[in-house]
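One-letter residues, chain by chain:
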Amino acid sequence: MKVSVRVNGVGHEHEVEPRTLLVHYLRDVVGLTGTNIGCDTSSCGACTVLIGGESVKSCTVLAVQADGADITTIEGLADGDRLHPVQEAFREHHALQCGYCTPGMVMAAVSLLAENPDPTEAEVREGLEGNLCRCTGYHNIVKAILAAARVPAESAAS
Amino acid sequence: MTAVEVPPRVVGTRLRRREDPALLTGEARFVADLTVPGTLHAAIVRSPVAHARIRSVDLAPALALPGVVAAYTGEDLQGDWAATLPCAWPVTADMKSPAHRPLAVGTVNYVGDAVAVVLAESEYAAHDAAEAVVVDYDPLAAVLDLEDAASDRVLVHEDLGTNVSYTWELSPDPDAVERAFAEAAHTVSGRYVQQRLLPSAMEPRGVLVVPHPFGGDFTVYSATQIPHILRVMLAVTVGVPETSLRVVAPSVGGGFGSKLNVYAEEALALALARKTRKPVRWIEERSEQAVSTIHGRGQIQHIDLAADAGGRITAVRVRLLADMGAYLQLVTPGVPLLGAFLYTGVYDVGAYSFSCTSVFTTKTPTDAYRGAGRPEATYAIERAIDALAREMDLDPAEIRRRNFIPADRFPYDSVAGLVFDSGNYVAALDRCLEIAGYEELRADQARRREEGDPRQIGLGLSSYVEMCGLAPSRVLASLNYSAGGWEAATVRVLPTGKVQVVTGTSPHGQGHETSWSMIAADRLGISPGDVEVLHSDTAVAPYGMDTYGSRSLAVGGTAVYLATERVIDKARRIAAHQLEAAEEDVRLVAGQFQVQGSPDRAMPLAAVAFEAFTAHNLPEGMEPNLEASSHFDPPNFTFPFGTHLAVVEVDTETGAARLLRYVAVDDCGNQINPLIVEGQVHGGIVQGAAQALWEEASYDDDGNLVSTTLADYLVPSAAEVPTFETDSTVTPSPTNPMGVKGVGEAGTIAAAPAVMNAIVDALSTHGVSDIDMPASPQRICRAIQEVRP
C-alpha cells in the first residue's frame, strides 16, 4: 500500500506492507532511527512521536493509518544547532542517563507542555505515565519539564 | 613574582554531560540503529514448555516462506562450537554445571530456551518463519520451587544426578556462633524471599556481526556492558581467533547487569555470520527478553540474630537457598558470594556464619542484577535488625546506633574477612533523620494510630554498606573467579595539545566520557572540553574489564588518574629540558609547566606535546610522544555506605501502599561530578523500591513466566514515585588516590529494605511482622487479615 507523509517538514512517499508499524516505517524506510523501540505492547513510550503536534506511540499506529499526517520525530525538534527548550532542560537537569527512553520522553514532554503550559509536579508525573525510564528514577525528568515550562514563551519561540 | 591565575578545579563540579546532545537529538546510534547492506535477520524459536525432550524439529515450513534464507536446529550447529557458553565463576571445585549450548540439543530446560534459529532477508520475514517452525516436545515435570528443587524429587539435568550446583560456606568460627546464640538475651529469625526480577533495561539486547570474509575478521556490535570480556569469551566459544574479533558496544541503553553476560544470541550471530559469510543481526523483543535475558535475585534467605540484653548483636547466622535457573550464565553462581561478606551489614558483630546452597530450576538463568548479592544481604540484615528493635521495643534508629561500627574503628576488620576502608555510619544516619524530621514523622504516626486512621504511615530505615570497586585480583583468585579485577587506561596528548583518554570501562548511561574527561583535565589544568574519551571498542581500547559492580570510577577512573600522572611526569622532564631547568624545579600550574621562582619561564602543555611529537629536542634517550598507560589493580574493595528513610502510607482498608517521602544520605567518598552521583542514587532508589512494591517475575504451576510484558511486569512510572530528598556525607576512601568509592548500586541496595521496613512499621500495631515482596495491595490485605483475631 502507498503511504504519503510529511516527517520533520519533508515529504515522503513509499509502498509499504499494510502491516508495517509507523515506528518501523520511520526507522527502516525513512531512515530516522532516533525513535527507539522499547517494548512490543505499547507500554514503554520510547517510540513516542508527534502527529499533528500531539504525542502518539508510533508502535500503536500502522504506517498506512498515518497517511497524510504531519509527523515530528526527535530529529526534527532542534533548530539547527540550537536544542529545543525541552531538550535543553533535559541536559541542564541531567534528565537522561542511557538516553534510550529520552527521544520518546522528550516528545511526550513537548506534547504535555503544549497542552498544559504551566503544569504542577503531579500533573507532570501523571502526564508521563505512559513513558518508562529505568535509569533516572524520573526525579530529574520531572524537574527538567517543570523548568522548561518556566522558560518564557518568547525565548522558546525565538 | 606575578600571581598565576589558577583555574577552578573541575573535579567536584556539576559539569553537564557531553554525552547528552547526541542522545537528546536522536543522533546516537544504538545497535538496532546500525544497518549494513545484505544483512540477514535472525529470529529464534523458543521453547513454550518448561522442561521437555525434543522429539523433532521441522524447519521445512519456515524454509518454504518468502525471504527465508536458512534455518538451523541445535543438532545442525553441533559442529560450530569450540566450547559451550561460558560460566566464569566456578565457585567450588565440585560445582555442577550443565552443558549450555547456544541452541538446545535433546532437551529444553526452561520456557524461552532456544531451540532453532531462522535467517531471513527482513525482520518481519524472520519472525514469520520462526513461528512456522514445528517442534514436537515430550514434556517432563517442571522444577519451580527452590526447596522442592533441593530435594532432587525431579531432576532438571538428569546427567548431573542432582539439582544442587554447589554449597558454599563462610564460617570463620562456628563455635563462637553457637556460643553467642546459647548466651543470647534476644534472638530473632527471619525467612525472607527475594523474588525473581526482570532487569528491564529500556533498550532490549541486540547484536550485529559483520564478517569480512576475505580478511577473515568479524566485527561484533553488541548491546553489551562487557565488550572486552565478550571478545575473549566469543573467541573461546565460537572458535574464532581473538585477533580476528573486534567487539564494539555502540550506544547502549542501560544494562543493570543484564548486559554483563555472554549470551547464546551473540555466539549464534557470530557462528552464523561465519557460516553464511553475511552480516547477521538479531534484535530482542521485549516479551522475548522476559525469558531470554537473565533474571535477578531469586533467593530464600534464613537469617538469625543473637543479641545481648542491651540489643547489641553478637552473632549473625545465614542460610541461603539460591535459584540458578536452568543453566549457569557468566557469573550466576558468584552472585550469592558477593553478598556473603555483607550480611553483618554496618554493624560490629563478633560471630558470623554463612552457607549457600544453589539449585537448578526449570526457569530462565539468574545472574547479576544491580547490586548482585549486596541488595539481598542488606535486605536480610536490615529487615532482621528492625525485627530485633520490635522485639526489644526500641526505635529502629536507636538499635542501629547501638550496633554501628564506630567511626574510630576504621580500617575495620570485618568478621567475614574483609577490611572496610573507611566509614562514619552514625553521621549518615543523623543527617538522614535530620532532613526527614524524624521526630515529627513519629508524632504524625502516633497521631494516626491514636485516631485509628485507616491510612497509617510507617517509617523504614535502611543503613547499608556495600563492597564496590570490583576487584582486587588476588581476592577474586581466592573466590575462584576466572579473571582479574584491574582496569586499564591510556592518556595521550596529541600534537595540538588535545588529549585522548582511552578507557577499558564500557559506559551505558553512567557518563564516563564526562567524568573521565574531568579527571584528566583536572590533573592537566586544561578544559575538559579539550579531552576526548574513547571506549567500548576493542580495536581502540584493547585492554579492559568493562563496567559492572560500581567498579568503573574506583578502578577505571583511578587508572585514568594514574596514567595522567605518568603523562605529567614525562611532560615535566621534557619541559625541564626545554627550559634548561632542573626537573624538580618545574611544576605544572594551570596547564603550564613553570620553573619555580621564574614564572616567565614556562611552557604550556600543548607546546610540550608538540616537542614530544616532533622529537627534535628531547632529553637524551627519551622516546617520542606524550602518552602513558596504567593497569590499576585495586589493593582493596571500596565500601560506600549510607542511610535511607522511606515514609510509606498504607491504606489498611484497600492494602494500597504509597511512597510519601524518601530521604537518602549516601557516602561514596569524594565525588567527581555530584550531578551524576545524584542521578545514580535516584535511579537506584526506584529500582529498589520497585522490588519492594511492584516487580515480580512470576511463574505459573507449569513453569510459564506470566509477567512477560511491561503491562504485566510493573516497572514503575513517574506517577508512582515521589521527588527524592538526597544528601551526602564525604568520607574519602584510602584505597585509591582520588578517595572515591562508587555509587552505581547504592540506591538499589538501600531502598528495598527501607520501603519494606516502612510497610511493616505502618502495620506493626495491627500485629503484622512480615510481608513478602512485592508488597501488593493483595499481600498487604492478606497480612492484615491473617493476624486479625
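Nothing here was measured: the structure is a model prediction, and the numbers come from that model.

Conventions adopted
Residues numbered from 1 in each chain as written. Chains lettered and ligands numbered in written order. Predicted model: local features only at pLDDT ≥ 70, side-chain atom pairs only at ≥ 80, totals over all residues. Heavy atoms only, no water. Helix = DSSP H or I, 4+ residues; strand = E, 2+ residues; numbered from the N terminus. Rg over C-alpha atoms; globule rule 2.2 N^0.38 Å. Buried < 20%, exposed > 50% of the residue type's maximum accessible area, 1.4 Å probe, protein only. Contact = heavy atoms within 4.5 Å. Areas by Shrake-Rupley, 256 points an atom, 1.4 Å probe, with all protein chains shown as cover. Lys, Arg positive; Asp, Glu negative; His and termini not counted. Charge placed at Lys NZ, Arg CZ, Asp CG, Glu CD. Pairing = 2+ DSSP bridges. Axes fitted to C-alpha atoms, helices over the stretch in contact; angles between N-to-C directions. Domains from an automatic or database assignment. Buried area = accessible area lost by both parts, 1.4 Å probe. Salt bridge = Lys/Arg side-chain N within 4 Å of Asp/Glu carboxyl O. Phe/Tyr/Trp six-rings, centres within 6.5 Å; stacked < 30°, edge-to-face > 60°. Lys NZ or Arg CZ within 6 Å of the ring centre and 35° of its normal. Core = buried A, V, L, I, M, F, W, Y, C linked by side-chain atoms within 4.5 Å. Parallel < 35°, antiparallel > 145°, perpendicular 65-115°, else oblique. Left-handed = near helix turned anticlockwise from the far one by under 90°. Nonpolar A, V, L, I, M, F, W, Y, C, P; charged D, E, K, R; others polar. Expected span 1.5 Å × (residues − 1). Polar contact = N/O pair within 3.5 Å; in protein donor to acceptor, adjacent residues only side chain to side chain.

A.B. asks: Quick question: what am I supposed to make of the overall build of chain B here?
C.D. replies: The number of helices and strands found in chain B is 20 helices and 28 strands. Expected size for 789 residues packed as a compact globule is a radius of gyration near 28 Å; at 28 Å, chain B falls within 12% of this value. Projecting the C-alpha coordinates of chain B onto the three principal axes gives extents of approximately 90 × 75 × 50 Å. Going through the 789 residues of chain B one by one, you find that 65% of them count as buried. Sequence-distant contacts in chain B: of pairs separated by 6 or more residues, those separated by 24 or more amount to 80%. Total accessible area on chain B stands at roughly 26,700 Å², and carbon and sulfur atoms take up 49% of it. Considering chain B, the positive charge centre built from 61 side chains and the negative charge centre built from 99 side chains are found 2 Å apart.

A.B. asks: How should I be thinking about the sheet that holds strand 3 (residues 48–51) of chain A in this particular structure?
C.D. replies: Sheet strands line up and pair through hydrogen bonds in the backbone, either parallel or antiparallel. All names here are of chain A. Taken together, five strands build an open sheet; the order of strands is 2-1-5-3-4 and the sheet is mixed. The sheet is open, and its two edges are formed by strand 2 (10–15) and strand 4 (54–57), each paired on a single side. Direction aside, neighbouring strands of the sheet carry axes that sit 40 degrees apart on average. By the bridge criterion, four bridges tie strand 3 to strand 4 in an arrangement that is antiparallel. In the sheet register, Ile51 faces strand 4, and the bridge partner there is Glu54. Each of strand 3, strand 4 and strand 5 (70–72) touches helix 3 (residues 102–115); the most contacted strand, strand 3, lies at about 40 degrees to it.

A.B. asks: So what exactly am I meant to see when it comes to the domain arrangement of chain A here?
C.D. replies: Think of interface size as the accessible area that goes away when the parts come together; that is how it is often given. Residues and elements named next belong to chain A. If you check the domain split of chain A, you get domain 1 (2–75) and domain 2 (85–156). Summarising the inter-unit geometry, the C-alpha centres of domain 1 and domain 2 are found 21 Å apart. Across the boundary between the two partners, domain 1 contributes 18 residues, which contact 13 residues of domain 2. Buried surface at the junction of domain 1 and domain 2, both sides included, amounts to about 1,100 Å², of which 58% is carbon and sulfur. For domain 1, the biggest contributors to the area lost against domain 2 are Asn36, Thr48 and Ile74; these three give 38% of the whole. For the pair domain 1 and domain 2, the number of links is zero salt bridges. Elements supplying a minimum of two residues to the side of domain 1 that touches domain 2: strand 3 and strand 4.

A.B. asks: What is the right way to read the packing of aromatic side chains from this model?
C.D. replies: For any pair of aromatic rings, the description rests on two quantities: the centre-to-centre distance and the angle between the ring planes. All names here are of chain B. In total, this model carries 17 aromatic pairs over all chains according to the counting rule given. Where Phe637 meets Phe639, the ring centres are 6.5 Å apart and the plane angle is 75 degrees; that geometry is what we call edge-to-face. Residue Phe637 is classed as buried on the basis of its relative accessible area, which comes to 2%. Taking the relative accessible area as the measure of exposure, Phe639 reaches 0% and is therefore buried. One aromatic cluster in this structure is built from Tyr347, Phe404, Phe410, Tyr412, Phe420, Tyr425, Phe637, Phe639 and Phe641. The ring of Phe181 is capped by Arg317, whose NZ or CZ atom sits 3.9 Å from the centre of that ring. Lying over the aromatic face of Tyr548, Arg551 brings its terminal NZ or CZ to 5.2 Å of the ring centre.

A.B. asks: Please clarify how the sheet that holds strand 2 (residues 52–58) of chain B should be interpreted in this entry.
C.D. replies: Residues and elements named next belong to chain B. If you trace the three strands from one edge of the open sheet to the other, you get 4-2-6, paired in antiparallel fashion. In this open sheet, the two edge strands, each paired with only one partner strand, are strand 4 (107–108) and strand 6 (134–139). Here six bridges tie strand 2 to strand 6, and the two strands are oriented antiparallel to one another. Each residue of the ladder has a partner; that of Ala52, found in strand 6, is Pro139.

A.B. asks: It is not clear to me how the nonpolar core should be interpreted in this structure. Could you clarify?
C.D. replies: The nonpolar side chains of a soluble globular protein tend to be buried with one another. Residues Phe90 of chain A together with Tyr662 and Ile759 of chain B are the most contacted members of the largest nonpolar core, which totals 227 residues. Per element, the largest residue contribution to this core is 12 residues, and it comes from helix 19 (residues 746–763) of chain B. Lining this core are residues from two domains, each supplying at least three of them: domain 1 (2–75) and domain 2 (85–156) of chain A. Non-local contacts of Phe90 of chain A, meaning those with residues more than four positions away in its chain, are made with Ala95, Leu96, Thr102, Met105, Val106, Ala109, Ile141, Ala144 and Ile145 of chain A together with Leu24 of chain B.

A.B. asks: Is there a simple way to explain the packing of helix 6 (residues 227–238) of chain B against helix 7 (residues 264–276) of chain B in this structure?
C.D. replies: Pairs of packed helices are described in terms of their axes, by the angle between the two and the distance that separates them. Residue and element names in this part refer to chain B. Where helix 6 meets helix 7, the axes come as close as 10 Å, and the angle between the chain directions of the two elements is 60 degrees. Put simply, helix 6 runs oblique to helix 7. In this structure, the crossing between helix 6 and helix 7 has a hand that is right-handed. Taking contact as the criterion, the partners of Leu230, Leu234, Thr237 and Val238 in helix 6 are, on helix 7, Glu266, Ala267, Leu270, Ala271 and Arg274. Considered class by class, the residues forming the contact of helix 6 with helix 7 number six nonpolar, one polar and two charged.

A.B. asks: Would you take a moment to explain the environment of Thr72 of chain A for this structure?
C.D. replies: Residue and element names in this part refer to chain A. Position of Thr72 relative to the elements: it lies in strand 5. Here the alpha-carbon distance between Thr72 and Gly9, two residues 63 residues apart in the chain, equals 7.9 Å. Here Thr72 is in contact with Asn8, Val49, Leu50 and Met107, once residues within four sequence places are set aside.

A.B. asks: In this structure, what is going on with helix 19 of chain B? I would like to understand it.
C.D. replies: An α-helix turns once every 3.6 residues. As a result, residues three or four positions apart point the same way. For helix 19 of chain B, built from 18 residues, the straight-helix expectation of 26 Å at 1.5 Å per residue is met to within 8% by its first-to-last C-alpha distance of 27 Å. Burial of helix 19 of chain B is extensive: 18 of the 18 residues sit out of reach of the surface.

A.B. asks: How should the interface of chain B and chain A be read in this particular structure?
C.D. replies: Listed as interface residues are 54 residues of chain B and, on the opposing side, 47 residues of chain A. Note on chain B versus chain A: buried area summed over both sides is about 4,200 Å², and carbon and sulfur give 55% of it. Ranking the residues of chain B by area buried against chain A places Leu24, Tyr124 and Met202 of chain B at the top, with a combined share of 20%. Run the count over chain B and chain A and you get four salt bridges. In this structure, the salt-bridge partner of Arg27 of chain A is Asp33 of chain B, at a minimum N-O distance of 2.9 Å. The interface formed by chain B and chain A includes 27 residue pairs in polar contact (both at pLDDT 80 or more). Elements that contribute at least two residues to the side of chain B that touches chain A include exactly helix 1 (20–24), helix 3 (123–132), helix 8 (286–292) and helix 18 (674–693) of chain B. Of the residues forming the side of chain B that touches chain A, the biggest block, eight residues, is contributed by helix 18 of chain B. In terms of residue class, the side of chain B that touches chain A is made up of 26 nonpolar, 16 polar and 12 charged.

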